[in-house]
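Chain and residue survey
If you want the building blocks of each chain, they are given just below.
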Amino acid sequence: HASSCRNYLEWVSKVRVNTQAVLKRAQQIPGRNKNKKQWQAAWLLRAVTCIDLTTLAGDDTPGNVHRLCMKASQPVRADLLQSMDMHDKGLTTAAVCVYPSRVADAVKTLKAANSRLPVASVATGFPAGQTPLKTRLEEVRLAVQDGAAEIDIVINRTLALTGQWEAMYAEICQFREACGEAHMKSILAVGELGTFTNVYKASLVAMMAGSDFIKTSTGKEPVNATYPVAIVMVRAIRDYFLRTGHKVGFKPAGGIRTAKESLVWLTLMKEELGDEWLRPHLFRLGASSLLADIERQIYHYVTGHYAAYHEMPMA
Amino acid sequence: MAGSTIKTVYDIFQSMDYGPTSSSTATAQAWLEHQSGALGLFIDGRFVLPAGRQTCSVTDSSGGSVCTTVCATDEDVSLSVSSGASGFKAWSALPCHVRAKTLLRLVSGLQRYGQCLSELCDLAQSPSSFSALVRLLQYYSGWAQLRDTLLPDWTPRGLVAVVVSDDCSLYSLMLKALPALAMGNTVVVIPGVETAIPALLLAQLFVEAGLPAGVLNVVTGNVLSLASTVAQNPLTSYVTYSGNKNDGEKLCRATAGMGVPVSLSISLGATCPFIIFESADIDSAVDGVIETAFKKKRECQWLLCVQESVLDIVVARLKSRMAGMKSVPLQKEGDRRLVDAAVEEAQQQGATLIQPCAPSPSGASYPPTVLCGMAPSCPCVVTPPPGPLLPLLSFRSQTEGVTLGNHSPHGYAASLWTEDLTLALEAAKGLSVGSVWVNSHSVLDPSLPLSGHKESSNCTDGGKEGLFQFLRPSSSSPSLPRSSPTSLDYSRFGTATSAAIIPQGPDSSSCPRSYLQYVGGKQCKSESGSSVSVLAPDGAVLAYCPDAGRKDVRNAVEAAIKVQPGWMKRSPTDRAQSLFTLAKALEMKRRDLAASLHSQTGLSLEEVDKEVELSIAQLYDWAARCDKETGGILPVPQSGSALSIPEALGVVGVVLPDSSPLLSMVSLLVAAVAMGNAVVMVPSPKNPLPALEFIQVLQSSDIPAGVVNILTGGRDQLTQALANHSVIKAIWYWGSVEGCQYLQHTCASPLKNLWLHCLEEKDGGRVWSQPPPSLLEERWRRAVQWKSVWIPTA
């Protein structure tokens with residue numbers, strides 16, 4: 001294991017990213033998708049199935065977490081789905097995502113509603129990760145204990161910025177162990193990594209240490225999920241797959257609010273990694289207000305009218 | 001069938017396919033209908049639809065007829081040329097700012113009718129970027145405004161014929177037509193099939209924008225026959241061509257001897273290296289390959305060169321990126337057969353294929369295909385087949401990568417990928433191509449010169465550099481007189497042997513001296529060993545000089561090309577020092593040179609002294625210029641740096657005029673050599689002695705052996721030999737009408753830059769004794785080719 005780790009680190013050291021080429025590629029992505037009508041509606045529904053419906057606020061209570069879970073398990077108005085013949089396809093979001101303290105509430109609600117929707121929890125001193133390793137590990141264990149099936153950990157940016165990739169690798173390996181059976185998503189907090197090259201390196205290290213997903217941001221940094229940064233990360237995913245045969249998922253999060261953006265994200269995945277990365281087991285969208293906008297666009301497709309927000313059931 | 005293609009939301013939800021893209025062509029159709037579906041010629045500011053002409057049908061991608069265009073006759077051509085010639089009086093007399101404003105007004109016209117234009121381009125299968133056209137107009141409007149301020153000693157040529165091949169893009173056409181108009185010329189555009197419709201619309205918009213009638217005419221039909229008819233008309237001053245190589249060559253041959261300069265930009269079909277070094281951002285490089293290499297319509301044929309250390313990584317990435325790509329429609333009927341044959345041949349030679357899917361058994365499309373494991377000698381590398389095929393070659397070291405990229409007759413462009421700045425700049429310097437795209441590809445902007453090296457062009461488009469093809473120095477008249485081609489037997493030109501020297505009898509008192517010629521820094525006889533006699537003005541035999549032929553040209557070119565790269569690499573200051581030593585050496589030997597001039601020309605001692613003096617001055621002048629005539633960093637619309645660099649052409653053949661034999665030779669020699677070229681010079685057969693005497697001066701200077709070579713003998717014989725040597729990139733010729741015709745005909749392939757003169761100066765050699773600044777500028781611009789290096793940054 002140690003020698004493979006050293007091989008990996010050599011691989012990390014050779015990473016080169018040309019910023020302008022990445023930016024140019026990112027500019028082309030939105031133009032690739034000119035979907036209209038039922039194609040657009042179908043793609044929007046696909047986006048819904050990839051959403052990690054999220055609430056991460058200081059004022060979260062069992063009440064609003066309950067509402068969130070119920071919305072996640074019936075994300076689009078039934079009559080709209082019916083008119084597209086999609087009502088019996090078991091359409092839900094991919095997961096709900098909450099703070100560790102709210103995991104138990106969410107698990108309880110979903111169980112009561114007979115839903116098998118997984119609960120995801122952020123952990124490891126979210127969002128800054130500036131707490132002792134011991135407490136960060138404990139946080140993971142407690143969230144898993146409470147029933148979280150997915151853990152979104154934040155990486156230690158201090159180690160990334162000071163180039164201590166080996167130490168970062170070791171730390172994430174410990175998180176992996178603490179997660180046990182739960183899926184682990186590693187949040188890179190790209191807005192604080194400085195360069196694309198660092199983003200690529202951090203992506204590789206996170207994958208080597210056993211992440212099931214790599215995720216762009218916490219939503220709390222100044223810069224969140226942008227298309228260029230996503231291109232760098234999905235390239236790392238492809239690179240990792242080509243070398244090891246392991247498919248790792250991707251989760252952009254932070255600032256994704258419109259239906260149009262969600263379509264660009266799907267296009268980006270399709271163009272860069274192919275159709276397999278359009279399913280929730282390899283692609284998630286971390287968002288809170290996105291769902292409402294998608295639902296309104298679907299309403300427009302079905303009825304030809306533009307909806308007001310209050311016409312859609314609230315989360 | 002129709003029922004099964006309706007996909008439900010659930011179908012798409014599962015498959016996640018893209019929907020069909022529908023592009024409307026309603027606006028374009030409306031315009032075409034307004035023209036009754038039959039487009040006329042655009043002559044003298046309006047559409048004319050002469051009766052009884054053949055028509056040609058323009059088809060869209062599905063083969064349906066879009067509309068018809070007229071096949072113009074000689075009569076139509078002559079109307080358009082005379083309209084252009086009379087339009088020239090009005091247009092060239094306007095103040096610069098009025099011309100500039102007209103171009104700017106077209107920008108708003110374009111913005112109004114942009115939809116119509118892009119739909120028409122799509123219909124005619126010649127997609128073009130609307131924003132690129134706007135950029136062209138804005139850029140050249142600026143030059144129209146500033147012509148008199150920044151190019152004061154230059155004047156427009158007159159009526160310019162802009163000719164493009166059938167497959168050429170609208171951008172390339174406008175890159176010729178707009179600078180011509182901006183400089184005050186009038187233009188007859190002869191568009192190809194694909195550009196005919198958009199060019200006609202643009203002409204109409206131009207007139208709406210206030211362009212006077214006759215300034216821009218568009219004549220459609222068979223490009224080559226129209227072009228030669230236009231060239232034959234004595235009112236035409238210049239013909240410039242953009243497009244494929246084949247038609248360009250034919251155009252040169254068809255117009256040889258008409259006395260009109262013709263230049264070619266082979267903007268299509270060049271083989272261009274796409275070089276991926278180990279230090280590259282491999283993913284971005286592979287993205288670039290995917291984006292550019294398999295397009296249905298692409299301007300160049302890429303050749304993927306990958307450093308061996310990253311070959312596996314690149315191949316793996318290509319495989320994964322190409323998976324799921326769809327087959328690409330082929331351009332022409334018979335292409336599929338050619339593609340199949342090429343792929344089969346490559347496989348027989350051991351190539352492995354990267355393909356997203358197996359090709360359908362028949363049909364006019366083919367999947368994108370990378371041919372791995374090719375060698376430079378493979379037929380699909382030497383003559384690339386059509387279709388979405390990309391040969392992949394590997395190289396070991398950085399130097400080998402550049403060598404591999406250079407090993408082709410083409411010199412249009414190269415794309416190179418590395419994160420190592422030093423390597424990028426070194427490779428950019430080493431590649432003999434007109435455009436180097438670092439970590440990018442296919443970037444164009446009119447502010448940068450586009451000047452293909454080697455066989456890719458013999459003129460420069462774009463940038464300030466590209467304006468000069470549409471201008472001439474105000475002080476001089478065109479150097480070629482209008483003429484009709486004579487029935488020259490091209491295979492026999494220059495093959496006559498010189499008159500043999502026979503013993504003159506027993507007059508031993510004044511045995512004429514035998515001179516030697518100068519090859520590779522050594523004085524030598526001709527290979528054949530024979531000599532010709534040089535006569536004094538009174539007809540007496542003054543001396544004997546070698547009668548050089550093909551073998552001597554071969555030796556001289558070999559000596560020149562051996563030393564030229566090193567000479568070019570030396571710093572300009574270094575070259576300047578060498579030229580100073582040449583000037584000093586001439587000062588030392590001024591008496592000898594004056595004496596030889598005197599005996600050769602019979603001019604008074606005072607006059608020959610003056611010629612020597614002026615020659616010395618020319619040497620000092622160009623020594624000073626060496627490090628002053630440079631390129632620079634140009635502002636481009638995107639972020640990053642773009643460099644424009646003048647580079648030596650290589651070996652230049654100079655066939656010298658009879659007049660001012662020393663001064664003309666020194667003036668041309670020093671202009672070429674100062675810019676880093678090596679020269680093979682052929683002194684006037686009438687007055688060769690000063691040049692032969694000058695060999696002493698060369699030998700006592702610091703100029704490296706081989707940079708200057710001097711061969712004497714028959715002008716036609718040596719011209720023929722120079723024209724048929726592929727290493728020679730340019731020929732500067734003073735001589736007969738037939739010689740000009742021969743060169744125009746022969747130097748189409750391999751392509752050479754020609755600078756032709758077949759008139760003795762009427763002003764008593766003032767171009768030599770008192771050259772105005774614009775003439776000196778023309779000399780150095782004739783001695784260089786341009787390279788653009790793009791280094792985009794974030």
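Scoring rules and cut-offs
- Residues numbered from 1 in each chain as written.
- Chains lettered and ligands numbered in written order.
- Predicted model: local features only at pLDDT ≥ 70, side-chain atom pairs only at ≥ 80, totals over all residues.
- Heavy atoms only, no water.
- Helix = DSSP H or I, 4+ residues; strand = E, 2+ residues; numbered from the N terminus.
- Rg over C-alpha atoms; globule rule 2.2 N^0.38 Å.
- Contact = heavy atoms within 4.5 Å.
- Areas by Shrake-Rupley, 256 points an atom, 1.4 Å probe, with all protein chains shown as cover.
- Core = buried A, V, L, I, M, F, W, Y, C linked by side-chain atoms within 4.5 Å.
- Buried < 20%, exposed > 50% of the residue type's maximum accessible area, 1.4 Å probe, protein only.
- Buried area = accessible area lost by both parts, 1.4 Å probe.
- Salt bridge = Lys/Arg side-chain N within 4 Å of Asp/Glu carboxyl O.
- Polar contact = N/O pair within 3.5 Å; in protein donor to acceptor, adjacent residues only side chain to side chain.
- Pairing = 2+ DSSP bridges.
- Axes fitted to C-alpha atoms, helices over the stretch in contact; angles between N-to-C directions.
- UniProt positions renumbered as here; feature names shortened; annotations may be inferred.
- Phe/Tyr/Trp six-rings, centres within 6.5 Å; stacked < 30°, edge-to-face > 60°.
- Lys NZ or Arg CZ within 6 Å of the ring centre and 35° of its normal.
- Parallel < 35°, antiparallel > 145°, perpendicular 65-115°, else oblique.
- Left-handed = near helix turned anticlockwise from the far one by under 90°.
- Expected span 1.5 Å × (residues − 1).
- Right-handed = clockwise from strand over helix to strand, strands pointing away.

1. Focus on the overall build of chain A
Helix and strand counts for chain A come out as 13 helices and 8 strands. Taking 2.2 N^0.38 as the reference for a compact globule, 315 residues should give roughly 20 Å; the C-alpha atoms of chain A span a radius of gyration of 19 Å, in line with that estimate. Taken over the C-alpha atoms alone, chain A extends approximately 60 × 45 × 35 Å along its principal axes. Within chain A, counting contacts between residues at least 6 apart in sequence, those at least 24 apart form 77% of the total. Only carbon and sulfur atoms are counted for the fraction: they give 51% of the accessible area of chain A, which is about 12700 Å².

2. Some thoughts on the nonpolar core
Core analysis: the largest hydrophobic core is formed by 108 residues, its most contacted members being A:Leu45, A:Phe250 and A:Trp265. In terms of residue count, the dominant contributor to this core is helix α11 (residues 227-244) of chain A (10 residues). In this view, A:Phe250 contacts A:Phe213, A:Ile214, A:Thr216, A:Ala230, A:Met233, A:Val234, A:Ile237, A:Trp265, A:Met269, A:Leu282, A:Phe283 and A:Arg284; residues no more than four positions away in its chain are not counted. Counting residues in each nonpolar core, the second largest holds 103 residues, with B:Leu120, B:Val160, B:Ala199 and B:Ala413 among its members.

3. Some details on the interface of chain A and chain B
The interface of chain A with chain B comprises 41 residues on the first partner and 32 residues on the second. Taking both partners together, chain A and chain B bury about 3200 Å²; carbon and sulfur atoms supply 56% of that area. On the chain A side of the interface with chain B, the three residues burying the most area are A:Arg16, A:Gln20 and A:Trp39, jointly 20% of the side's total. Linking chain A with chain B are 5 salt bridges, by the criterion used here. Between B:Asp287 and A:Arg25 there is a salt bridge, with the nearest N and O atoms lying 3.3 Å from each other. For the pair chain A and chain B, the number of links is 18 residue pairs in polar contact (both at pLDDT 80 or more).

4. Here's the deal with the sheet that holds strand β3 (residues 119-123) of chain A
Residues and elements named next belong to chain A. The strand order across the open sheet formed by 8 strands is β7-β6-β5-β4-β3-β2-β1-β8, and the pairing between neighbours is parallel. The sheet is open, and its two borders are formed by β7 (249-251) and β8 (285-287), each paired with just one other strand. Along the sheet, successive strands turn relative to each other by an average axial angle of 25°, direction set aside. Where strand β5 (residues 183-187) and strand β6 (residues 213-215) come together, 3 bridges link them in parallel fashion. Within the sheet, the bridge partner assigned to Ile-187 lies in β6 and is Lys-215. Sheet strands in contact with helix α6 (residues 103-112) are β2 (95-98) and β3, and its direction is about 175° off that of β3.

5. Structural notes on the UniProt feature "active site" (unreviewed entry) in chain A
All names here are of chain A. UniProt records the feature "active site" (unreviewed entry) at Lys-215 and Lys-251, using the numbering of this structure. Taken together, the annotated residues stretch across 37 residues yet fold into one region, lying no more than 4.4 Å apart by C-alpha. Beyond its immediate sequence surroundings of up to four residues, Lys-215 is in contact with Asp-152, Ser-186, Ile-187, Leu-188, Met-233, Lys-251 and Ala-253. A polar contact is formed between the side chain of Lys-215 and the side chain of Asp-152, at a distance of 2.8 Å. Here Lys-251 lies in strand β7. For Lys-251, the side chain forms a polar contact with the side chain of Asp-152, separated by 2.9 Å.

6. Side note on the packing of aromatic side chains
Scanning the entire structure with this criterion turns up 23 aromatic pairs over all chains. When the centroid spacing of 6.3 Å and the interplanar angle of 40° are considered together, the rings of A:Phe250 and A:Trp265 count as tilted. With A:Phe250 in strand β7 and A:Trp265 in helix α12 (residues 259-272), this pair connects stretches of sequence that are 15 residues apart. A:Trp265 carries the same exposure label as A:Phe250, and that label is buried. Within the aromatic cluster, the residues linked to one another by ring pairs are B:Phe274, B:Trp302, B:Trp417 and B:Trp437. Over the ring of B:Phe13 we find A:Arg46; its NZ or CZ atom is 4.1 Å from the centre of that ring. One residue, B:Arg99, lies across the ring of B:Trp91, its end atom 5.9 Å from the ring centre.

7. Some details on the packing of helix α9 (residues 165-179) of chain A against helix α10 (residues 196-208) of chain A
All names here are of chain A. Across the interface, α9 lies against α10 with an axial gap of 8 Å and an inter-helix angle of 40°. The angle between α9 and α10 places the two elements in the oblique class. Crossing geometry of α9 relative to α10 is assigned as right-handed. Mapping the contact onto sequence places Trp-165, Met-168, Tyr-169 and Ile-172 in α9 and Asn-198, Lys-201, Ala-202, Val-205, Ala-206 and Met-208 in α10.

8. Brief notes about the environment of B:Trp437
Residue and element names in this part refer to chain B. Here Trp-437 is to be found in strand β21 (residues 435-438). For the pair Trp-437 and Trp-786, spaced 349 residues apart in sequence, the C-alpha to C-alpha distance is 14 Å. Beyond its immediate sequence surroundings of up to four residues, Trp-437 is in contact with Trp-302, Ala-413, Ala-414, Ser-415, Leu-416, Ser-442, Val-443, Leu-444 and Trp-790.

9. A word on unusual backbone geometry
In this structure, the amide linkage connecting A:Phe126 to the following residue, A:Pro127, adopts the cis form with an omega of 0°. As for its position among the elements, A:Pro127 is in the loop between β3 and α7 (133-145). Here the residue pair B:Ser749 and B:Pro750 is connected by a cis peptide bond, since its omega of -10° sits within 30 degrees of zero. Along the chain, the position of B:Pro750 falls in the loop between α23 (737-746) and β35 (753-757).

10. Observations regarding helix α3 (residues 37-49) of chain A
In this model α3(A) runs 19 Å from its N-terminal to its C-terminal C-alpha over 13 residues, within 8% of the 18 Å that 1.5 Å per residue would give. Of all 13 residues that make up α3(A), 11 are buried, and the element is covered over most of its length. Listed in full, the buried residues belonging to α3(A) are A:Gln38, A:Trp39, A:Ala41, A:Ala42, A:Trp43, A:Leu44, A:Leu45, A:Arg46, A:Ala47, A:Val48 and A:Thr49. The inward-facing, buried residues of α3(A) abut β1 (51-54), α5 (78-83), α12, β8 and α13 (290-303) of chain A together with α1 (9-15) of chain B.

11. Describing the sheet that holds strand β5 (residues 65-70) of chain B
All names here are of chain B. Taken together, the 3 strands give an open sheet; going across it, the order is β1-β5-β4, and neighbouring strands pair in mixed fashion. Two strands bound the open sheet, and with one partner strand each, they are β1 (38-39) and β4 (55-59). Judged from the 5 bridges that link them, β4 and β5 form a sheet pairing that is antiparallel. Counterpart to Cys-56 in the pairing with β5 is Thr-69. In this fold helix α7 (residues 193-208) packs onto β1, β4 and β5, with an angle of close to 80° to the strand it touches most, β5.

12. Some words on the pairing of strand β12 (residues 270-276) of chain B
Residues and elements named next belong to chain B. The buried fraction of β12 amounts to 7 of the 7 residues, a majority that puts the element mostly inside the structure. Side chains of β12 alternate between two faces, with Ala-270, Cys-272, Phe-274 and Ile-276 and Thr-271, Pro-273 and Ile-275 buried alike. Across 7 bridges, the pairing between β12 and strand β13 (residues 300-307) is parallel. Paired with Ile-275 across the two strands is Cys-305, which belongs to β13. Since β12 and β13 lie parallel, the crossover through helix α10 (residues 282-292) that links them has a hand, and here it is right-handed. In this structure, β12 lies alongside strand β20 (residues 413-417), joined through 3 bridges in parallel fashion.

13. Digging into the side chain of B:Ser660
Along the chain, B:Ser660 falls in the loop between β31 (651-655) and α20 (661-674). Among all residues touching B:Ser660, those that are not within four sequence positions of it are B:Glu611, B:Met665 and B:Trp768.

14. So, the pairing of β5(A)
Residues and elements named next belong to chain A. With 4 of 5 residues buried, β5 lies mostly within the body of the structure. By the bridge criterion, 5 bridges tie strand β4 (residues 150-154) to β5 in an arrangement that is parallel. Its bridge partner being in β5, Glu-150 is matched across the sheet by His-183. Note that the unit made of β5, α10 and β6 has a crossover that is right-handed.

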